[in-house]
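Observations on the three-dimensional arrangement
Each chain, letter by letter, is given below.
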Amino acid sequence: MNYSRFITTVSAARKASPIRLLTELMEKSPPSLISLAGGAPNPDLFPFKKATVATGHGSAIEIGEELMKRALQYSASAGVPELVCWLKNFQRNLHNPPTASYSPEQGQMEVCVTTGSQEGLGKVFEMLINPGDNILLDAPTYSGTLAALRPLGCNIINVPSDQHGIIPNALKEILSTWSPDDGSHLPKFLYTIPNGCNPTGNSLTTERKKEIYQLARKYDFLIIEDDPYYFVQFEKPWAPTFLSMDVDGRVIRTDSFSKILSSGLRIGFLTGPKPLIDRVILHIQVSTMHTSTFTQIMVLQLLQQWGEKGFLEHTDRVVEFYRTQRDAMLTAADKWLKDLAEWYPPAAGMFLWIKIKGISDTQQLITEKALQKEVLLVPGGAFNINSSEPSSYVRASFSLSSPAQMDLAFKRLADLIKEALRKS
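This structure is a prediction, so every number in the text was calculated from the model and none was measured. (Residues numbered from 1 in each chain as written. Predicted model: local features only at pLDDT ≥ 70, side-chain atom pairs only at ≥ 80, totals over all residues. Heavy atoms only, no water.)

All right, on to the pairing of strand β15 (residues 393–397) then. Within a regular strand, side chains alternate between the sheet's two faces. In this structure, strand β13 (residues 351–356) lies alongside β15, joined through five bridges in antiparallel fashion. Residue Ile354 lies in a different strand from β15, and its bridge partner there is Val394. Sheet topology note: the strand β14 (residues 378–379)/β15 ladder contains two bridges and is antiparallel. Within β15, the residue paired with Val378 across the bridge is Arg395. (Pairing = 2+ DSSP bridges. Helix = DSSP H or I, 4+ residues; strand = E, 2+ residues; numbered from the N terminus.)

Right under this line is the structure:
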């Protein structure tokens, strides 16, 4: 892979911070080293001395005085080394990416910790997008992604999708407007949320992923696999990931602990070819410097206590909860919205994507009328490339409300729709 053609001038100009490199050297040095180099504050003066964090099932994480000193100090920009090591092994065991055995130049699999997967995505976009570049995505999609992309001046090309995700033939048709040799104008990357897409709940099938990957090879574009709901898939076996198919080193994958451990700890991780992940780390060095050492240590202690088996058992419990919540929402939708709306049962994630019949745009219905009925959803336009485009959809989340609240909310929504249809 020739990665230089993907990288922006700004990203290519980034150089390693000498001070950040010293921090990483110090982390690997023996205790006998006397360092007069770093500008780290003396941890003996920090007011926090130790912590015990109770976890489920009666266990606890202990952060003693020495570990607390480390948790409150600067750390490596790529992430706390032991956590990065744990995550690398986990990705190898879970996805078995072909690139794990490659040389760095070939696109060897690399991992770095980010402050939530959102930071990782933002830095990947900055690394890849010059104004005027063509990029592909399947909208409606996550509004945070669209908000990050719009100011970068790229041409966002929408790829049609259905309840099984991106339609490969539609992607092929879009790509056929270019020649595979037309390097300067070909799309830089395809961005997709392959499991439980926010907002649609769609999940890509294995066959479609294989077809899409082959198109990426033919037209030489990268795939950004944004997968925060990977661990919230309702049926097993889970579909293979793009990372597991990546023989070229053209997949950048984002994972997040937000949906399964904590959204407030802000820990995500990027997996992808080393030449590209290294560029992201250079950006981290001069922005956030690193994800909070304390939250990394906290998560590391938990993962070491659980092991991979314990972590996956925890995700099974998370899935069971959200599956029950989804089923409760589908029951409420069947009861109140059957003749008023259409939807598909989501295969993963936290959302039901509902098309309201007879209403061309839900924006006014939700922002002005819904609050009066004491029910709130997200109007579908928020997830379009052009947010002012009309949308007959709304997004409903089943993560927090009880089955009784969902039932009442959909009764109120049904009353609202009927009222709007009578007036139209």
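So, about the pairing of strand β2 (residues 60–63). Residues Ile61 and Ile63 line the buried face of β2, whereas the alternating positions Ala60 and Glu62 sit on a face that is not buried. Pairing between strand β1 (residues 51–54) and β2: four bridges, direction antiparallel. Counted as the bridge partner of Thr52 is Glu62 from β2. Counting the residues in the hairpin turn of β1 and β2 gives five residues, including His57, whose phi is positive at 65 degrees. (Buried < 20%, exposed > 50% of the residue type's maximum accessible area, 1.4 Å probe, protein only.)

To continue, consider helix α11 (residues 293–336). With 44 residues, α11 extends just 48 Å between its outermost C-alpha atoms, more than 12% less than the 64 Å of an ideal straight helix rising 1.5 Å per residue. In the structure, α11 departs most strongly from a straight axis at Gly307, where the bend amounts to approximately 100 degrees. In this structure Ser292 caps α11, since a side-chain oxygen of it lies 3.3 Å from the backbone nitrogen of Phe294. (Expected span 1.5 Å × (residues − 1). Bend = angle between axes of the 7 residues up to and from the residue. Polar contact = N/O pair within 3.5 Å; in protein donor to acceptor, adjacent residues only side chain to side chain.)

Backbone hydrogen bonds hold the strands of a sheet together, and the pairing may be parallel or antiparallel. The antiparallel open sheet is built from four strands, whose spatial order is β12-β13-β15-β14. Lying at the two open borders of the sheet, with one neighbouring strand each, are β12 (341–342) and β14.

Among the structural elements, Ala396 can be located in strand β15. Sequence spacing of Ala396 and Leu33 is 363 residues, and the spatial spacing of their C-alpha atoms is 56 Å. Once you skip the residues sitting within four places of it in the chain, Ala396 turns out to touch Met329, Met350, Phe351, Leu352, Ile354, Leu377 and Phe410. (Contact = heavy atoms within 4.5 Å.)

On the surface, a cluster of nonpolar side chains totalling about 280 Å² of accessible area is made up of Ile19, Leu22 and Leu25. By secondary structure assignment, the location of Leu25 is in helix α2 (residues 18–28). You can call Leu25 exposed: its relative accessible area is 54%. (Patch = residues over 30% accessible without salt bridge, like charges linked within 9 Å, V, L, I, M, F, W, Y side chains within 5 Å. Areas by Shrake-Rupley, 256 points an atom, 1.4 Å probe, with all protein chains shown as cover. Salt bridge = Lys/Arg side-chain N within 4 Å of Asp/Glu carboxyl O.)

If you check helix α10 (residues 274–285), its first and last C-alpha atoms are 16 Å apart, about what 12 residues at 1.5 Å a residue would give, namely 16 Å. In terms of residue burial, α10 counts as a mostly covered element, since nine of its 12 residues are buried. Every buried residue belonging to α10 is among Leu276, Ile277, Arg279, Val280, Ile281, Leu282, His283, Ile284 and Gln285, and all of these are buried.

When you line up the elements, Phe410 lands in helix α13 (residues 403–423). Note on Phe410: relative accessible area 3%, which makes it buried. For Phe410 and Ala332, which are 78 residues apart along the polypeptide, the C-alpha to C-alpha distance reads 6.5 Å. The residues contacting Phe410, other than those within four sequence positions of it, are Met329, Ala332, Ala333, Trp336, Leu337, Leu352, Ile354, Leu377 and Ala396.

In this structure, Ser203 sits in the loop between β8 (189–192) and α8 (206–219). Taking the relative accessible area as the measure of exposure, Ser203 reaches 13% and is therefore buried. In terms of polar contacts, Ser203 uses its side chain to reach the backbone amide nitrogen of Gly196, at 2.9 Å. Non-local contacts of Ser203, meaning those with residues more than four positions away in its chain, are made with Gln163, His164, Gly165, Pro194, Asn195, Gly196, Ala347 and Ala348.

Scanning all chains against the criterion turns up 17 aromatic pairs. Judged by centre distance (6.2 Å) and plane angle (25 degrees), the rings of Phe90 and Phe231 are stacked. Residue Phe90 is found in helix α4 (residues 81–95), and its partner Phe231 is found in the loop between β9 (222–226) and α9 (242–245); the two are separated by 141 residues along the sequence. Note on accessibility: Phe90 and Phe231 belong to one class, buried. Look at Tyr230 and Trp238: their rings are 5.0 Å apart centre to centre, the planes differ by 70 degrees, and that puts the pair in the edge-to-face class. An identical accessibility class is assigned to Tyr230 and Trp238; each is buried. One aromatic cluster is present, built from ring pairs that chain together Trp86, Phe90, Tyr230, Phe231, Trp238, Phe257, Phe269 and Phe311. (Phe/Tyr/Trp six-rings, centres within 6.5 Å; stacked < 30°, edge-to-face > 60°.)

In short, geometric facts, not functional conclusions.
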